[in-house]
Amino acid sequence: LTPQNGSAIANAPELPVFGAHVYASQQCAFCHLVNGEGQRVGPALNGVGQRRDGGWLTGHFREPAAFVKGSTMPPFALEDPEMKALVAYMLALSH
C-alpha cells in the first residue's frame, strides 16, 4: 500500500480485493509474478483475464495438470467463496 495506490484500493470492488488476500494466503507469489512482485517459476499473471476465462481459471486452480500438460502447480482445494474471489482477482489484473 502506497499513497499513490491507497485510493484505488479503497475504491476497489470487494471480491477481487478478497481474491488478492487469497492469492497472498496461498503463497502464489512463491511461483508467480503480479505487478512485478513474486517469482518466475510459473507464468506472470498480469493480463491472464485477457487470455483465459473464469471457468478455465477455476478448473486450472482445482486441477492444474488437466489444463496445462506438465504443470508442477499443486491443486488448490479452496472453498467456493475463496475460489470465486481468487478468480475475480485474476480477471481484474491488467497487463
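Each remark here, short or long, concerns the structure printed above.
Residues numbered from 1 in each chain as written. Predicted model: local features only at pLDDT ≥ 70, side-chain atom pairs only at ≥ 80, totals over all residues. Heavy atoms only, no water.

**Quick look at the overall build of the chain**
In step 1: A count of helices and strands for the chain gives six helices and two strands.
In step 2: Going residue by residue from the N terminus, the α and β elements of the chain occur as α-α-β-β-α-α-α-α.
In step 3: Taken against the 2.2 N^0.38 rule, which gives 12 Å for 95 residues, the C-alpha radius of gyration of the chain at 13 Å falls within 12% of a compact globule.
In step 4: Structurally, the chain occupies a C-alpha span of about 40 × 25 × 25 Å along its principal axes.
In step 5: The buried share among the 95 residues of the chain stands at 29%.
In step 6: If you take every contact in the chain between residues at least 6 apart in sequence, the share linking residues at least 24 apart comes to 49%.
In step 7: When the accessible surface of the chain is summed, it comes to about 6200 Å², and 57% of that surface belongs to carbon and sulfur atoms.
In step 8: With 6 positive and 7 negative side-chain charges, the chain shows a separation of 12 Å between the mean positions of the two kinds. (Helix = DSSP H or I, 4+ residues; strand = E, 2+ residues; numbered from the N terminus. Rg over C-alpha atoms; globule rule 2.2 N^0.38 Å. Buried < 20%, exposed > 50% of the residue type's maximum accessible area, 1.4 Å probe, protein only. Contact = heavy atoms within 4.5 Å. Areas by Shrake-Rupley, 256 points an atom, 1.4 Å probe, with all protein chains shown as cover. Lys, Arg positive; Asp, Glu negative; His and termini not counted. Charge placed at Lys NZ, Arg CZ, Asp CG, Glu CD.)

**Observations regarding helix H4 (residues 54-62)**
Note that an α-helix has 3.6 residues per turn; residues three or four places apart therefore point the same way.
In step 1: Along H4, the residues that are buried comprise Leu57, Gly59, His60 and Phe61.
In step 2: Lining the buried residues of H4 we find helix H3 (48-51), helix H5 (64-67) and helix H6 (80-92).
In step 3: Where H4 begins, one side-chain oxygen reaches toward the backbone nitrogen of Gly55, 3.2 Å away; that side chain belongs to Asp53. (Polar contact = N/O pair within 3.5 Å; in protein donor to acceptor, adjacent residues only side chain to side chain.)

**Description of the side chain of His60**
In step 1: Within the secondary structure, His60 sits in helix H4.
In step 2: The exposure class of His60 is buried, given its relative accessible area of 10%.
In step 3: Setting aside chain neighbours within four positions, we find His60 in contact with Phe67, Val68 and Met73.

**Observations concerning the environment of Gln50**
In step 1: By secondary structure assignment, the location of Gln50 is in helix H3.
In step 2: The class of Gln50 is exposed, set by a relative accessible area of 51%.
In step 3: A C-alpha to C-alpha distance of 21 Å links Gln50 and Ala8, two positions 42 residues apart in sequence.

Distances and angles like these do not, on their own, reveal function.
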